[in-house]
Amino acid sequence: LPEVPTMAVEKVFVYNNTSIVQDEILAHRLGLIPIRADPRLFEYRNQGDEEGTEIDTLQFQLKIKCSRNPQAAKESSDPNELYFNHKVYSKHMTWVPLGNQTDLFPDADFRPVHDDILIALLRPGQEIDVLMHCVKGIGKDHAKFSPVATASYRLLPDITLLQPIEDEAAELLQKCFSPGVIEIQNIKGKKVARVANARLDTFSREVFRHEGLKNRVRLARVRNHYIFSVESTGILPPDVLVSEAIKILMGKCQRFLNELDSVPME
């Protein structure tokens, strides 16, 4: 969440903005749009550097103007028919190469992760003309640099059936858990419940509401088995995010060991 770097809009140069969205709000919205660009290809931008270079800055332009549709029916009230370009989407952001970026990244496709992020609404005569500088940063400095939408972990569920559970009780038990946790087998003409995949359980504890089941099932967690869930914003795939995070953690550990080695022992 806080230390795997990404590229995000840091500076917005507003040449014209006659929309209802104020300049600072527009800049904030643009900053939160995830940019599909591998941060490992870029360097951190030096403080005080206003211009940026091809190795530390990505430049995007957003220039769009709303106009009336002369072919629209007079009785129509649908903005999609009445106007052209009345919705400003992230797909309208275009990459403007800096310096020799075209040669540095010949196969690059720098653009927003999603094309359908709504930025602003316009009416005839209104326009937005801005230039954006994307730089490399980390979520610890600003949330817009975080490459992760959600990251969480939980312990592996451990479900034990203390007694055989059959027939109607087996079907009731199956309904108490998430789909796929409990399966019912047909053994000698009887429906018998068994734990199929405890990993799918969400620990709803619904089974304890039933008197006939609560003393026949034990719920626990495996204390040394963690299940991590990482949802990416789309800038980098989750497996790359986890790998990069581990590299950062290893670097921290190495710096700590170096500090310990440098401290004289008494």
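Residues numbered from 1 in each chain as written. Predicted model: local features only at pLDDT ≥ 70, side-chain atom pairs only at ≥ 80, totals over all residues. Heavy atoms only, no water.

Applied cut-off: UniProt positions are given in the numbering used here, feature names are shortened, and annotations may be inferred rather than shown by experiment.
Within an unreviewed UniProt entry, the label attached to the protein reads DNA-directed RNA polymerases I and III subunit RPAC1, and the organism entered is Colius striatus. UniProt lists a comment for the protein under the heading Subcellular location (unreviewed entry), and it reads "Nucleus". Here is the UniProt Sequence similarities (unreviewed entry) comment for the protein, exactly as written: "Belongs to the archaeal Rpo3/eukaryotic RPB3 RNA polymerase subunit family."

### Side note on the domain arrangement of the protein
Test applied: An automatic or database domain assignment supplies the start and end points of every domain.
According to the domain assignment, the protein consists of domain 1 (5–146) and domain 2 (160–216). Once you take the C-alpha centre of each, domain 1 and domain 2 turn out to be 52 Å apart.

### With respect to the sheet that holds strand 10 (residues 127–137)
Just so we agree on the cut-off: In this analysis, strands are considered paired if DSSP registers two or more bridges between them. Only DSSP runs of H or I with at least four residues qualify as helices, and only runs of E with at least two residues qualify as strands; both kinds are numbered from the N terminus onward.
Read across the sheet, four strands follow the order 1-10-3-7 without closing on themselves; strand pairing throughout is antiparallel. Every interior strand has two partners, whereas the edge strands, strand 1 (6–17) and strand 7 (94–95), have only one. Pairing analysis gives eight bridges linking strand 3 (residues 58–65) to strand 10, with the strands arranged antiparallel. Directly across from Gln59, in strand 10, lies its bridge partner His133.

### Describing the pattern of salt bridges
Two side chains carrying opposite charge are able to pair once their charged atoms lie near each other. Our working definition: What makes a salt bridge here is a side-chain nitrogen of Lys or Arg within 4 Å of a carboxyl oxygen of Asp or Glu, nothing more. Partly exposed residues are those whose accessible area sits between 20% and 50% of the maximum for their type, while under 20% is buried and over 50% is exposed, using a 1.4 Å probe and protein chains only.
Applying the stated rule across the entire model yields 11 salt bridges. Lys144 is the salt-bridge partner of Glu10, the closest N and O atoms lying 3.0 Å from each other. With Glu10 in strand 1 and Lys144 in the loop between strand 10 and strand 11 (148–161), this residue pair connects regions lying 134 residues apart in the sequence. In this structure, Glu206 engages Arg209 in a salt bridge whose closest nitrogen and oxygen atoms are separated by 3.4 Å. On the basis of relative accessible area, Glu206 is assigned to the partly exposed category, the value being 27%.

### Brief notes about the packing of aromatic side chains
For any two aromatic rings, the description comes down to two numbers: the centre-to-centre distance and the angle of the planes. Selection rule: Ring pairs are drawn from Phe, Tyr and Trp, using the six-membered ring of Trp, whenever the two centres fall within 6.5 Å, and their geometry is named by plane angle: stacked under 30 degrees, edge-to-face over 60, tilted for the rest.
In this structure the tally under the stated criterion is seven aromatic pairs. Between the aromatic rings of Phe42 and Phe105, the centroid separation amounts to 5.2 Å while the plane-to-plane angle is 40°, which identifies the pairing as tilted. Here Phe105 lies in the loop between helix 3 (101–104) and strand 8 (111–112) and Phe42 lies in the loop between strand 2 (35–36) and strand 3, a separation of 63 residues in the sequence. Here the two residues Phe42 and Phe105 agree in accessibility, since each one is buried. For the pair Phe105 and Phe110, a centre-to-centre distance of 5.4 Å together with 80° between the ring planes defines the contact as edge-to-face. Residue classification places Phe105 among the buried residues on the basis of a relative accessible area of 12%.

### Things to note about helix 4 (residues 167–176)
Helical geometry: 3.6 residues make up each α-helical turn, so side chains three or four residues apart lie on a common side. This is how the line gets drawn: The arc in question is the one traced by the directions running from the helix axis out to the C-beta atoms. Residues are treated as being in contact if the distance between any of their heavy atoms lies within 4.5 Å.
Of all the residues in helix 4, the buried ones are Ala170, Leu173 and Cys176. Projected onto a plane normal to the axis of helix 4, the buried residues spread over an arc of 115° and lie on a single side. Among the exposed residues of helix 4, those oriented more than 90 degrees off its buried face are Glu168 and Lys175. Its buried side turned inward, helix 4 meets strand 11, strand 12 (182–187), strand 13 (190–195) and strand 14 (217–232).

### Considerations on the side chain of Glu127
Rules: When charges are counted, neither His nor the chain ends are considered; positive counts come from Lys and Arg and negative counts from Asp and Glu. Between N or O atoms, a polar contact is any pair within 3.5 Å; within protein, one atom must be a potential hydrogen donor and the other a potential acceptor, and residues adjacent in sequence are included only when both atoms are from side chains.
Assignment of secondary structure puts Glu127 in strand 10. Buried and unpaired, Glu127 has no salt bridge, with Lys65 as the nearest side chain of opposite charge at 4.4 Å. Within the structure, Glu127 has its side chain in polar contact with the side chain of Asn16 (distance 3.1 Å). Leaving out residues up to four positions away in the same chain, Glu127 has contacts with Asn16, Asn17, Thr18, Ser19, Ile64, Lys65 and Leu122.

### What about the UniProt feature "domain: DNA-directed RNA polymerase RpoA/D/Rpb3-type" (unreviewed entry) in the protein?
This chain's UniProt record puts "domain: DNA-directed RNA polymerase RpoA/D/Rpb3-type" (unreviewed entry) on residues 2–259. Split by type, residues 2–259 is 19% helix and 35% strand. Its first and last C-alpha atoms lie 23 Å apart.

### Thoughts on the layout of surface pockets
To keep it simple, the criterion reads: We place a 1 Å grid over just the protein atoms. Points where a 1.4 Å probe fits but has no way out form a cavity, open points with protein on both sides within 12 Å along at least 5 of 7 lines form a pocket, and any residue with an atom within 4 Å of a point lines it. Grid points are joined across faces, edges and corners, and a volume is the space filled by probe spheres set on the points. Gly is put with the polar residues, along with every residue not named as nonpolar or charged; the nonpolar set is Ala, Val, Leu, Ile, Met, Phe, Trp, Tyr, Cys and Pro, and the charged set is Asp, Glu, Lys and Arg.
Computed from the structure, the largest pocket encloses a volume of approximately 440 Å³. Forming the walls of the largest pocket are 18 residues, and the residues nearest its centre are Leu1, Pro2, Val4, Leu241 and Ala245. Elements with a contribution of two residues or more to the lining of the largest pocket: strand 11, strand 14 and helix 5 (238–262). Ranked by residue count, the leading element in the lining of the largest pocket is helix 5, at six residues. Taken together, the residues that form the lining of the largest pocket break down as 14 nonpolar, two polar and two charged. The space that makes up the second largest pocket amounts to roughly 280 Å³. Around the second largest pocket, the lining is made up of 14 residues, and of these Glu10, Arg45, Asn46, Gln47 and Val135 lie nearest the centre. Those elements that place two or more of their residues in the lining of the second largest pocket are strand 1 and strand 10. In terms of residue class, the lining of the second largest pocket is built from three nonpolar, four polar and seven charged.

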